[in-house]
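Working through the structure, step by step
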Amino acid sequence: MKQRDIQVLQEMGITYWQVRKPELFPNQVLPVINLPAECKLLFISAEELNEHDAWLFGRILSSMKLTPEQALSLPLSALDQIAAHHLTWCWFAGCQGTYPTGCQVLNSASLKLMHNDPSSKKALWQQICSYDS
């Protein structure tokens, strides 16, 4: 199933199920997520973004000179399904995981926590700037 289809299901409130132990189903083919070519940042979070979080996310994207169309949000469990990509950034917010190869990795608190914690915003910005030098 394509990532766009998964997002549409989530927006409709329909749960997308994934098999946790695929080895129990040898004939099952794992879905592959093909990221769009314009996707430069992959945002990984266990939490769904509310309107306030989306606003902060947009502000951070613009400070990185990225547009919302260049970013995609995925749950941590979907990372193993990513096919070839053109990513520049992989941002883990409030979680840790194995990132796709060839990415600049950012780690931060969740966006919900960042709203009221200037030090976590500063730490994220320092990570972003460290890749520019």
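Report follows, based on the coordinates. (Residues numbered from 1 in each chain as written. Predicted model: local features only at pLDDT ≥ 70, side-chain atom pairs only at ≥ 80, totals over all residues. Heavy atoms only, no water.)

Each helix and strand counted, the protein chain has 4 helices and 4 strands in total. N-terminal to C-terminal, the α/β element order of the protein chain is α-β-α-β-β-β-α-α. Across the 133 residues of the protein chain, 33% fall into the buried class. Considering only contacts within the protein chain whose residues lie at least 6 apart along the sequence, 58% involve residues at least 24 apart. Summed over all atoms, the accessible surface of the protein chain reaches about 8600 Å², with 55% contributed by carbon and sulfur. (Helix = DSSP H or I, 4+ residues; strand = E, 2+ residues; numbered from the N terminus. Buried < 20%, exposed > 50% of the residue type's maximum accessible area, 1.4 Å probe, protein only. Contact = heavy atoms within 4.5 Å. Areas by Shrake-Rupley, 256 points an atom, 1.4 Å probe, with all protein chains shown as cover.)

Bringing the side chain of Ser-120 into the picture now. Secondary-structure assignment places Ser-120 in helix H4 (residues 118-130). In this structure Ser-120 comes out as buried when scored by relative accessible area, which is 10%. In this view, Ser-120 contacts Ala-109 and Met-114; residues no more than four positions away in its chain are not counted.

This paragraph deals with the nonpolar core. Membership of the largest hydrophobic core comes to 17 residues, with the highest contact counts inside it found for Leu-41, Phe-57, Ile-60, Met-64, Trp-91 and Leu-111. Where this core is concerned, the elements lending two or more residues are strand E1 (41-45), helix H2 (51-63), strand E3 (89-93), helix H3 (111-114) and H4. Among the elements that line this core, the one with the most residues is H2, at 4 residues. Membership of the second largest hydrophobic core comes to 16 residues, among which are Ile-33, Cys-39, Ile-82 and Val-105. (Core = buried A, V, L, I, M, F, W, Y, C linked by side-chain atoms within 4.5 Å.)

Moving on, we come to the sheet that holds strand E4 (residues 104-108). The strands making up a sheet associate through backbone hydrogen bonding, with each pair oriented either parallel or antiparallel. Taken together, the 4 strands give an open sheet; going across it, the order is E2-E1-E3-E4, and neighbouring strands pair in parallel fashion. The sheet is open, and its two borders are formed by strand E2 (71-74) and E4, each paired with just one other strand. Between one strand and the next, the sheet's axes are offset by a mean angle of 20°, whatever the strand orientation. Against the sheet, H2 touches E1, E2 and E3, its axis set at about 150° to E1. Where H4 meets the sheet, it contacts E3 and E4, and its direction lies at approximately 170° from that of E4. (Pairing = 2+ DSSP bridges. Axes fitted to C-alpha atoms, helices over the stretch in contact; angles between N-to-C directions.)

We now examine H4. When the terminal C-alpha atoms of H4 are compared, their 18 Å separation across 13 residues agrees well with the 18 Å that a helix rising 1.5 Å per residue should span. Taken as a whole, H4 has its buried residues at Ser-120, Leu-124 and Ile-128. Take H4 and look down its axis: the buried residues cluster within an arc of 80°, on one side only. The exposed set on the far side of H4, more than 90 degrees from its buried face, consists of Pro-118 and Lys-122. Packed against the buried residues of H4 are H2, E3, E4 and H3. (Expected span 1.5 Å × (residues − 1). Arc of directions from axis to C-beta.)

Right, let's talk about the environment of Asp-53 for a bit. Relative to the elements of secondary structure, Asp-53 occurs in helix H2. Considering only alpha carbons, one finds Asp-53 and Leu-111, 58 residues apart in sequence, at a separation of 5.8 Å. Among all residues touching Asp-53, those that are not within four sequence positions of it are Glu-48, Leu-111, Lys-112 and His-115.

So, about H2. Here H2 is 13 residues long and its end C-alpha atoms lie 19 Å apart, about the 18 Å a rise of 1.5 Å per residue gives. Of all the residues in H2, the buried ones are Asp-53, Leu-56, Phe-57, Ile-60 and Leu-61. Take H2 and look down its axis: the buried residues cluster within an arc of 140°, on one side only. Turned more than 90 degrees away from the buried face of H2 sit Glu-51 and Arg-59, all of them exposed. On its buried face, H2 is in contact with E1, E2, E3, H3 and H4. For H2, the N-terminal capping position is held by Asn-50, with its side-chain oxygen 3.0 Å away from the main-chain nitrogen of His-52. (Polar contact = N/O pair within 3.5 Å; in protein donor to acceptor, adjacent residues only side chain to side chain.)

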